[in-house]
Amino acid sequence: MAAVTFIHTSDFQLGMTRWFLSPAAQSRFDDDREEAVARLGELASETGAEFIVVAGDVFEHNSLNKSTLLRAKEVFKNLPVPVYLLPGNHDPLVADSIFFHSFADNVHVIADSEPIEVRPGVEIVGAPYLSKRANYDLVRRALEPLEPFDKAAGGIARIAVGHGQVESRAGESADTDADIIDLAFVERCLDEGIIDYLALGDTHSTDSLGRTGKVWFSGSPETTAFDDRERDSGNALVVTVEGDRVDVAKHSVGRWHFRAIDADLNSMEEVERFLSELDELPGKTRTAVKYSLRGTLGLNAQARLEQGLADLEEVFASLKPRERTMDLHLAPSEEELGELSLSGYAADALTELLEDLDNPTARDAANLLFRLSAKGA
């Protein structure tokens, strides 16, 4: 029986910046996002995939700087198979669209919903964004005119490509968000043989939707957000359609990790455990961490925490507190206060600060005073 294998990916968002990354880390992030696209080509060669579909948001926006655009063109040109790019809500096909720039012969922009013949028996039907926001279900509009794909006459597979959230996933009605994709309608199209697979973009985590196993978010090939929001990114999907059967295999292609870490700290032992957890994370130069800490610490434990974090911050791509969820309090013991041996103005200042430790500024000032005193300043 005839079959076709292809790669489903999405949401490159080339040109994306992350505010929490240093210039050096942002440069690594840019390079690695391009290398993730290049690895899709390697994956195609390894698996025998015939082409790559990118389900929207290829670029972060339509106003890329020249360097980013030229580097993207170079990456696409060197892919060993044809690549089909769908304009998404980040890079819609508007008057100043980046997709009107010339690309290499192996790059094809899905500019409308007319079926595209990849090779005899294999079609792609896309639902491109023609404006920043659509006021209707783009996927439904693309599929409604289609008749069942005639496999008796040599049809192998018809692949639909869309971008956006899905009604049953979002839990919202189409009256609220007109561009929400109607999953029930898509599944009827699958049941009736109108399409064989729907490749989706927009959600950056890999996920299968519905009951058929034929509707997937590929997720972004490189991680873009912390794992409290983006659970399973850095992947690409290798999809094989053979008759009525669709096999989907997930392959990891990303290198970055964005970790959200919560911890309760109420002792020196818990501080050491938290710092050890951070220190044991692999690939620190390509790992961003945001942390949320709760609890009450004495002066020594607080000083150890701050010094440990300061040292690790030099190694990670990013290591920053999640300020709005931090709830860490300073409560020095009588023994710790006695060890300071402060007198005069310094003692009076510390007393005043300790009366206002719920104030982050006062807490930081008390910590600084403690550290200076401990050093004999």
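A quick note: this is a predicted structure, and the numbers were derived from the prediction, not measured. (Residues numbered from 1 in each chain as written. Predicted model: local features only at pLDDT ≥ 70, side-chain atom pairs only at ≥ 80, totals over all residues. Heavy atoms only, no water.)

> Looking at this structure, how should I read helix 6 (residues 268-279)?
Three or four residues apart is the spacing at which side chains of an α-helix point the same way, because the helix has 3.6 residues per turn. For helix 6, spanning 12 residues, the distance from its first C-alpha to its last is 16 Å, which sits close to the expected 16 Å at 1.5 Å a residue. For helix 6, the full list of buried residues reads Val-271, Phe-274, Leu-275 and Leu-278. All buried residues of helix 6 fall inside an arc of 95° around its axis, so they share one side. Among the exposed residues of helix 6, those oriented more than 90 degrees off its buried face are Glu-269 and Arg-273. Looking at the buried residues of helix 6, the elements they touch are strand 13 (257-264), strand 14 (287-297), helix 7 (299-313) and strand 15 (318-321). (Helix = DSSP H or I, 4+ residues; strand = E, 2+ residues; numbered from the N terminus. Expected span 1.5 Å × (residues − 1). Buried < 20%, exposed > 50% of the residue type's maximum accessible area, 1.4 Å probe, protein only. Arc of directions from axis to C-beta. Contact = heavy atoms within 4.5 Å.)

> Whenever I open this one, the sheet that holds strand 9 (residues 207-208) confuses me. Can you help?
Sheets are built from strands that pair by backbone hydrogen bonding, the pairs being arranged parallel or antiparallel. Taken together, six strands build an open sheet; the order of strands is 5-6-7-8-10-9 and the sheet is mixed. Here the strands that pair on one side only, and so sit at the sheet edges, are strand 5 (116-119) and strand 9. For strand 7 (residues 157-163) and strand 8 (residues 197-201), the ladder comprises five bridges, and the chain directions are parallel. Across the sheet, Ile-159 pairs through a bridge with Tyr-197, a residue of strand 8. (Pairing = 2+ DSSP bridges.)

> Is there a simple way to think about the layout of surface pockets in this case?
Empty space among the atoms becomes visible once a probe the size of a water molecule is rolled across them. Looking at the second largest pocket, its volume works out to about 320 Å³. Of all the elements in the fold, those that place two or more residues in the lining of the second largest pocket are strand 14 and strand 15. It is strand 15 that contributes the most residues to the lining of the second largest pocket, three residues altogether. Here the lining of the second largest pocket is composed, by residue class, of seven nonpolar, three polar and six charged. Split by domain, the lining of the second largest pocket shows at least three residues from each of two domains, domain 1 (3-252) and domain 2 (257-375). (1 Å grid on protein atoms, 1.4 Å probe; cavity = no way out; pocket = protein on both sides within 12 Å on 5 of 7 lines; lining within 4 Å. Points joined across faces, edges and corners; volume = space filled by probe spheres on them. Nonpolar A, V, L, I, M, F, W, Y, C, P; charged D, E, K, R; others polar. Domains from an automatic or database assignment.)

> Help me understand the packing of aromatic side chains, please; the structure alone is not making it clear to me.
For any pair of aromatic rings, the description consists of the separation of the ring centres together with the inter-plane angle of the planes. Counted under the stated rule, the structure contains 15 aromatic pairs. Ring centres of Phe-6 and Tyr-197 lie 5.8 Å apart, and the angle between their planes is 75°; on these two criteria the pair is classed as edge-to-face. Linking Phe-6 in strand 1 (residues 3-9) with Tyr-197 in strand 8, this pair joins segments that are 191 residues apart in sequence. Take Phe-6 and Tyr-197: they sit in the same class, and that class is buried. With a centroid separation of 5.1 Å and 75° between ring planes, the pair formed by Phe-29 and Trp-256 is classed as edge-to-face. Residue Phe-29 is located in helix 1 (residues 23-47), and its partner Trp-256 is located in the loop between strand 12 (245-252) and strand 13; the two are separated by 227 residues in the primary sequence. Each residue in the set Trp-19, Phe-20, Phe-29, Phe-226, Trp-256 and Phe-258 is aromatic and connected to the rest through ring pairs, giving one cluster. Above the plane of the ring of Phe-185 lies Arg-140, whose end atom (NZ or CZ) is 4.2 Å from the centre. The ring of Tyr-136 carries the charged tip of Arg-141 above its face, separated from the ring centre by 3.9 Å. (Phe/Tyr/Trp six-rings, centres within 6.5 Å; stacked < 30°, edge-to-face > 60°. Lys NZ or Arg CZ within 6 Å of the ring centre and 35° of its normal.)

> How should the pattern of salt bridges be read in this particular structure?
Close approach of charged atoms lets side chains of opposite charge pair. Going through the model one piece at a time under the given rule, you end up with 21 salt bridges. Two residues, Arg-211 and Glu-187, come together in a salt bridge whose shortest N-O distance is 3.7 Å. Residue Arg-211 is located in the loop between strand 9 and strand 10 (215-217), and its partner Glu-187 is located in helix 5 (residues 183-191); the two are separated by 24 residues in the primary sequence. Judged by relative accessible area, Glu-187 falls into the buried class, the value being 10%. Close ionic contact of Lys-250 with Asp-232 constitutes a salt bridge, the shortest N to O distance being 2.7 Å. Here the residue Lys-250 occupies a position in strand 12, and Asp-232 occupies one in the loop between strand 10 and strand 11 (235-242), the gap between them amounting to 18 residues. Among the residues examined, Lys-250 registers a relative accessible area of 47% and is labelled partly exposed. One salt-bridge network, in which partners are shared between bridges, spans Asp-32, Glu-35, Arg-255 and Arg-286. (Salt bridge = Lys/Arg side-chain N within 4 Å of Asp/Glu carboxyl O.)

> Just checking my understanding: could you explain the nonpolar core for this structure?
Formed by 29 residues in total, the largest nonpolar core has its most connected members in Ile-7, Phe-12, Ile-52, Val-58, Phe-59, Phe-76 and Leu-85. Setting aside residues no more than four positions away along its own chain, Leu-85 makes contact with Val-54, Val-58, Phe-76, Phe-99, Val-107, His-108, Val-109 and Ile-110. One finds Ala-134, Val-139, Cys-189 and Leu-198 within the second-largest nonpolar core, a separate group that totals 24 residues. (Core = buried A, V, L, I, M, F, W, Y, C linked by side-chain atoms within 4.5 Å.)

> Is there a simple way to explain the sheet that holds strand 11 in this structure?
An order of 4-3-2-1-11-12 is seen for the six strands of this open sheet, with the pairing classed as mixed. What marks the edges here is a single partner per strand, and that holds for strand 4 (107-109) and strand 12. Direction aside, the axes of adjacent strands within the sheet are offset by 25° on average. The sheet contact formed by strand 2 (residues 52-54) and strand 3 (residues 83-85) spans three bridges and is parallel. Bridge pairing in strand 3 places Ile-52 opposite Val-83. Relative to strand 1, helix 1 is tilted by about 160°, and along the sheet it contacts strand 1, strand 2, strand 11 and strand 12. (Axes fitted to C-alpha atoms, helices over the stretch in contact; angles between N-to-C directions.)

> I'm lost on the packing of helix 6 against helix 7 in this one. Help?
What describes two packed helices is the angle between their axes and the distance between those same axes. For the pair helix 6 and helix 7, the least separation of the axes is 9 Å and the interaxial angle reads 10°. With respect to their mutual orientation, helix 6 and helix 7 come out roughly parallel. Every residue of helix 7 that contacts helix 6 at Met-268, Val-271, Glu-272, Phe-274, Leu-275, Leu-278 and Asp-279 is listed here: Asn-300, Ala-301, Arg-304, Leu-305, Gly-308, Leu-309 and Leu-312. (Parallel < 35°, antiparallel > 145°, perpendicular 65-115°, else oblique.)

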